[in-house]
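Notes for the structure review
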Amino acid sequence: MGAAGEHDDVDERGTVVTPSAELPPLGTEERAALSRIGERWREPRDPDDLPVDPTLGRSGRPPRPTRFGRFAPIEMFTVEEPGELVATEPAHLPGSRAGRLLTRARRTLFGPPISSASVLYERMRKLVALPVLSSDLLSSVAYGPEAMLGVLVLAGSAALGLSLPLAALLVVLMVAVGLSYRQTIPAYPHGAGSYIVAGDNLGRTPGLAAAAGLMLDYVLTVSVSVAAGVHAVTSALPGLTPFTVPLGVLVIAVLLAGNLRGVRTAGNLFVLPTYAFVVVLLTVLVVGYARAAGRGFAPVSPPPVPAVEGLGLLLVLRAFSSGAVSMTGIEAVSNAVPAFRPTEWRNARTTLGWMVAMLVALFAGLVGLIHLDGLVPRPGETLLSQLGRVTFPTGPWYALLQATTALILLLAANTAFNDFPRLLFFMARDGHTPRRFLHMGDRLAFSNGLVALSVTAAVVFVAFGGHTERLIPLYAVGVFLAFTLSQAGMVVHWRRHRGPGWHRRLALNAVGATLSALVLLTAAVAKFSEGAWVVVVAVPLLVLLFRRIHRHYATLHRALALHPPAPSGPAGSTEGEELPQEVRHLVVVPVARLNRASLRALAYAASLGQPTLAVHIAPEEVEADRFREQWQAWGDHLRLETIVSPYRAVIGPLAHYLEALHTTRPELTLTVIVPEVVLRRRWHRPLHSRVEQRLRAALRALPGVVVTTVPVHVAE
């Protein structure tokens, strides 16, 4: 089966990234129920009999905004189709002066809003996607070889010779996993990578485990990349070492601001540093190997380092799993396929091929050159910095190497900023994460996901003091868990969707799954006591959290789903009423004192033409008698009930009284109308008790109770 055929086999249920994902369509059964409800709907009046024209098209004079900003000029809306208005950009501005200033500041920082129709154009071409999505993968060569050698050197200088065979094994692993993901992209061209693949083929729990591993990987990608970038800066400028943590947090904030400007803008910002790093690193390799060729490729003896551990299998496995962090980010393309321009899956697969080829060349070249130059890890300076000093003892190349290394390490976190919010989007679409992660911000970026990633990564960075070596042990477990489950899921996929060449594809994914599982087990066991236990514990806890969130949304969906109405209508529950003729009202108006606000609330309640009851809470009998006299003076137009509260509480007695009313007649809908004084100045608000807000909070838990407010505006 060709790639196009594989594409056609994909279940495309809502997998396309769109701003409309927050408002999913009704299912077939709900649409049928909606039609049956509509057939029984009896509107008390003509729905077109309105006192105003809602299209705003036949108004003689457009309304003017008041000082409270309650009305919008007609120019804020345009008529695109009959019966459809489109809000223009001015309609999105808040009414208050402070809100408008804040909006203008936000747009100055992040850019003007982008229309939903432009979502297709906020995508990346291959030359932009390559540096954006490969920055994490390629930057890992700046600390991956050092992480591997940092473990080997514990056994002394003699153990450093094992770096070459270990590097060869890692290259095999890179190629196998890279080819496996090249097969995943056309088979699942709508992104979400390991989460979708594992979930579709292995079940919900493996899919959630893969998602948990990816989420931890993305958070650690930001923390580790920023930590390594700051370390590169402090290696060249040791005076900045005391400011490691503030510098790292500042970089995370800058990355957040850049990504909030949108995918395309962020991509353009990060293109040059990645390409510059690749060019400078290739120059280091070319010059370094040319120098080694001049001495016949004879390796320089490393400086003697005493052994602090014995050379055993466990140490070798730890070194191998530490070097495997150079592969983090290899799954980024499969997660971000929708971010490419059409044809998305083809452009994504080509980009992944370039990424893997560059990774293999840079990783193998660096390990070989470090071995030839006899370099060993040492505190205070990275191996890449040492290699730069040896390769370029004079001239500006060393400074350029450190500058580009620091830049790509700091910007490598941008890969996570691309994929983490998108993963949350797909999980929220399935109900496993909060639905707010479906929302696309002003710049068509997943703003909530970006903020969540930034805050979490900053907390991890601060908690570990910005030390790369403390974060590396946490790194490999999550990402290789996702690798393993994704490739195992592809094995099942090929068994289900057999076609020409499926045996070869299955074998390739099986190799990738096996090698990834070996690295996963190695990292989990060998680095368990060094911090990997955090990930081992965090993954099942996250899976449990995702399942609880899904259970909540499933319960909510069952409660809100449309069902065909019963012949006699639902009985005993006001919240089951879906037809206007079934709703029976009792309007309740709490009245503290008779003034303009309370009289307006009473007038509004009486105008509804429903049974109305006024309730007054008095602190003592004397005040209750006095209020009844005032009520008689007003005319006793409505039924009044007074409640004496000898302990002077207001909210509690009123809430319990309403609850008792509802218990007596559960089929009634209690509409509580509360007068509210609206103050113009914010600093005036603490001068008032805000009883209406406390009453609304107390009544929110009562079923069949509707709370509304009648505002009275104070101009001063």
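Residues numbered from 1 in each chain as written. Predicted model: local features only at pLDDT ≥ 70, side-chain atom pairs only at ≥ 80, totals over all residues. Heavy atoms only, no water.

Thoughts on the overall build of the protein chain
Scanning the protein chain from terminus to terminus reveals 25 helices and 7 strands. The proportion of buried residues among the 716 residues of the protein chain is 49%. The contacts of the protein chain with a sequence gap of at least 6 include a subset with a gap of at least 24, amounting to 79%. Of the roughly 34,100 Å² that the protein chain leaves accessible, carbon and sulfur atoms contribute 62%. (Helix = DSSP H or I, 4+ residues; strand = E, 2+ residues; numbered from the N terminus. Buried < 20%, exposed > 50% of the residue type's maximum accessible area, 1.4 Å probe, protein only. Contact = heavy atoms within 4.5 Å. Areas by Shrake-Rupley, 256 points an atom, 1.4 Å probe, with all protein chains shown as cover.)

Topic: the pattern of salt bridges
A full pass over the atoms with the stated rule returns 7 salt bridges. Between D625 and R628 there is a salt bridge; the shortest N-O distance is 2.4 Å. Of this pair, D625 and R628 both sit in helix α23 (residues 621-634), 3 residues apart, roughly one helical turn. The exposure class of D625 is partly exposed, given its relative accessible area of 36%. Assessed through its relative accessible area of 32%, R628 is described here as partly exposed. A salt bridge links E667 to R665; the shortest N-O distance between them is 2.4 Å. Taking the relative accessible area as the measure of exposure, R665 reaches 34% and is therefore partly exposed. Counted as one network, the salt bridges with shared partners bring together R378, E381 and R389. (Salt bridge = Lys/Arg side-chain N within 4 Å of Asp/Glu carboxyl O.)

Structural notes on the sheet that holds strand β4 (residues 612-618)
Sheet architecture is open: 5 strands sit in the order β5-β4-β3-β6-β7, paired in parallel fashion. Of all the strands in the sheet, just β5 (639-644) and β7 (705-714) have a single pairing partner and so form its edges. Put simply, the sheet's adjacent strands are angled 25 degrees from each other on average, direction ignored. Here strand β3 (residues 584-590) pairs with strand β6 (residues 668-679) via 5 bridges, running parallel. By the bridge assignment, H585 is partnered in β6 with T669. Against the sheet, α23 contacts β4 and β5, and its axis sits at roughly 165 degrees relative to β5. (Pairing = 2+ DSSP bridges. Axes fitted to C-alpha atoms, helices over the stretch in contact; angles between N-to-C directions.)

Concerning a nonpolar patch on the surface
There is a patch of nonpolar side chains on the surface, built from F528, W533, V534, V536, V537 and L541 and spanning about 510 Å² of accessible area. Summarising the element assignment, F528 is placed in helix α21 (residues 528-560). Assessed through its relative accessible area of 41%, F528 is described here as partly exposed. (Patch = residues over 30% accessible without salt bridge, like charges linked within 9 Å, V, L, I, M, F, W, Y side chains within 5 Å.)

Section: α21
Taking 1.5 Å of rise per residue, 33 residues should cover 48 Å, and α21 covers 45 Å from first to last C-alpha, within 8% of that figure. Burial in α21 covers these residues: G531, A532, V535, A538, V539, L542, V543, F546, I549, H550 and Y553. Elements that come into contact with the buried residues of α21 comprise α8 (204-236), α16 (413-429), α19 (475-496) and α20 (502-526). (Expected span 1.5 Å × (residues − 1).)

A look at the packing of helix α4 (residues 126-139) against helix α15 (residues 397-411)
Each pair of packed helices gets described by two things: the angle between the helix axes and the distance between those axes. Packing of α4 against α15 leaves a shortest axis separation of 8 Å and a crossing angle of 115 degrees. Our pair here, α4 against α15, has a crossing hand that is left-handed. Of the residues in α15, those in contact with S135, L138 and S139 of α4 are I408, L409 and L411. Considering only residue class, the contact of α4 with α15 consists of 4 nonpolar, 2 polar and no charged. (Left-handed = near helix turned anticlockwise from the far one by under 90°. Nonpolar A, V, L, I, M, F, W, Y, C, P; charged D, E, K, R; others polar.)

Comments concerning a positive patch on the surface
A contiguous patch of positive charge, built from R204, R547, R548 and R551, is present on the exposed surface. Looking at which element gives the most residues to the positive patch, the answer is α21, with 3 residues. Judged by its relative accessible area of 52%, R551 falls in the exposed class. (Lys, Arg positive; Asp, Glu negative; His and termini not counted. Charge placed at Lys NZ, Arg CZ, Asp CG, Glu CD.)

What to know about the pairing of β6
Most of β6 sits inside the fold, with 11 of its 12 residues counted as buried. Of the pairings in the sheet, the one linking β6 to β7 comprises 10 bridges and is parallel in character. Bridging across to β7, I673 finds its partner in T708.

So, the packing of α16 against helix α17 (residues 447-463)
Put simply, α16 and α17 touch, their axes get as near as 8 Å, and they point 120 degrees apart. In this view, α16 runs oblique relative to α17, as classed from their interaxial angle. When the axes of α16 and α17 are compared, the crossing they make is right-handed. Across the interface between the two elements, A416, F417, F420, P421 and L424 from α16 touch G449, L450, L453 and S454 from α17. Here the residues of the contact of α16 with α17 are counted per class, giving 7 nonpolar, 2 polar and no charged. (Parallel < 35°, antiparallel > 145°, perpendicular 65-115°, else oblique.)

What about the nonpolar core?
Residues V222 and F480 are the most contacted members of the largest nonpolar core, which totals 149 residues. With 18 residues, the single largest contributor to this core is α8. In this structure, F480 is in contact with L173, A324, M327, S516, V519 and L520, ignoring residues within four places of it in sequence. L654, L670, V672 and V674 belong to the second-largest nonpolar core, a separate cluster that totals 19 residues. (Core = buried A, V, L, I, M, F, W, Y, C linked by side-chain atoms within 4.5 Å.)

Let's talk about the confidence of the model for the protein chain
On average, residues of the protein chain carry a pLDDT of 79, and 79% of them reach 70 or more. Counted against residues more than four places away or in other chains, residues 1-15, with its pLDDT under 50, gives 32 contacts. Contacts of residues 58-63 to residues separated by more than four positions or lying in other chains number 5 contacts, the stretch itself having pLDDT below 50. (pLDDT = per-residue confidence, 0-100.)

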